[in-house]
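Okay, here's what each chain looks like letter by letter:
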Amino acid sequence: MAQQFNAQNIKKRTSVLVFLKGSTAPLVLYVENPDELYAELQQVMKSAAAVLIEKETQGPLRKVSFISNQVAAVAVQDEQYVG
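This text gives an overview of the structure that appears in the document. (Residues numbered from 1 in each chain as written. Predicted model: local features only at pLDDT ≥ 70, side-chain atom pairs only at ≥ 80, totals over all residues. Heavy atoms only, no water.)

### So, helix H1 (residues 34-46)
- If you check H1, its first and last C-alpha atoms are 19 Å apart, about what 13 residues at 1.5 Å a residue would give, namely 18 Å.
- What H1 keeps buried is the set Pro34, Leu37, Leu41 and Val44. Taken around the axis of H1, the buried residues stretch over an arc of 85 degrees, which confines them to a single face. Residues of H1 that are exposed and angled more than 90 degrees away from the buried face: Asp35, Glu36 and Lys46. (Helix = DSSP H or I, 4+ residues; strand = E, 2+ residues; numbered from the N terminus. Expected span 1.5 Å × (residues − 1). Buried < 20%, exposed > 50% of the residue type's maximum accessible area, 1.4 Å probe, protein only. Arc of directions from axis to C-beta.)

Spelled out as structure tokens, the structure:
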């Protein structure tokens, strides 16, 4: 028998995807304020100076570090899940 899900159980979470040069898959970062992180990463991408970026996250990646000049692109993604 197929399991039925109540629409009330469907939730949404937002992540920031960080695409690094030379990497096949993006870093998927779950943070408290994804729009703020997205804007911050956009700003460091505009800068010519390479800086170390270190973030603590709320998802499977607890802590992540990368160099700003290795960021090729950033994106904000909404995901639905049953919770």
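### Description of the side chain of Ser15
- Here Ser15 shows up in strand S1 (residues 10-20).
- On the accessibility criterion, Ser15 (0% relative accessible area) is buried.
- A polar contact is formed between the side chain of Ser15 and the side chain of Glu79, at a distance of 3.4 Å.
- If sequence neighbours within four positions are ignored, Ser15 has contacts with Val28, Leu29, Tyr30, Ala75, Val76, Gln77 and Glu79. (Polar contact = N/O pair within 3.5 Å; in protein donor to acceptor, adjacent residues only side chain to side chain. Contact = heavy atoms within 4.5 Å.)

### A short note on the pattern of salt bridges
- Per the stated rule, a full pass over the model turns up four salt bridges.
- Between Asp78 and Lys12 there is a salt bridge; the shortest N-O distance is 3.9 Å. Of the two residues, Asp78 sits in strand S5 (residues 71-82) while Lys12 sits in strand S1, which places them 66 residues apart along the sequence.
- You can call Asp78 partly exposed: its relative accessible area is 49%.
- Given a relative accessible area of 57%, Lys12 falls into the exposed group. (Salt bridge = Lys/Arg side-chain N within 4 Å of Asp/Glu carboxyl O.)

### So, the environment of Glu54
- With respect to the helices and strands, the residue Glu54 is situated in strand S3 (residues 52-56).
- Classification of Glu54 by relative accessible area gives partly exposed; the value is 46%.
- Spatially, the C-alpha atoms of Glu54 and Phe66 are 6.7 Å apart, while their sequence positions differ by twelve residues.
- Setting aside anything within four residues of it in sequence, one finds Glu54 in contact with Lys63, Val64 and Ser65.

Any functional reading would require information beyond the geometric quantities listed.
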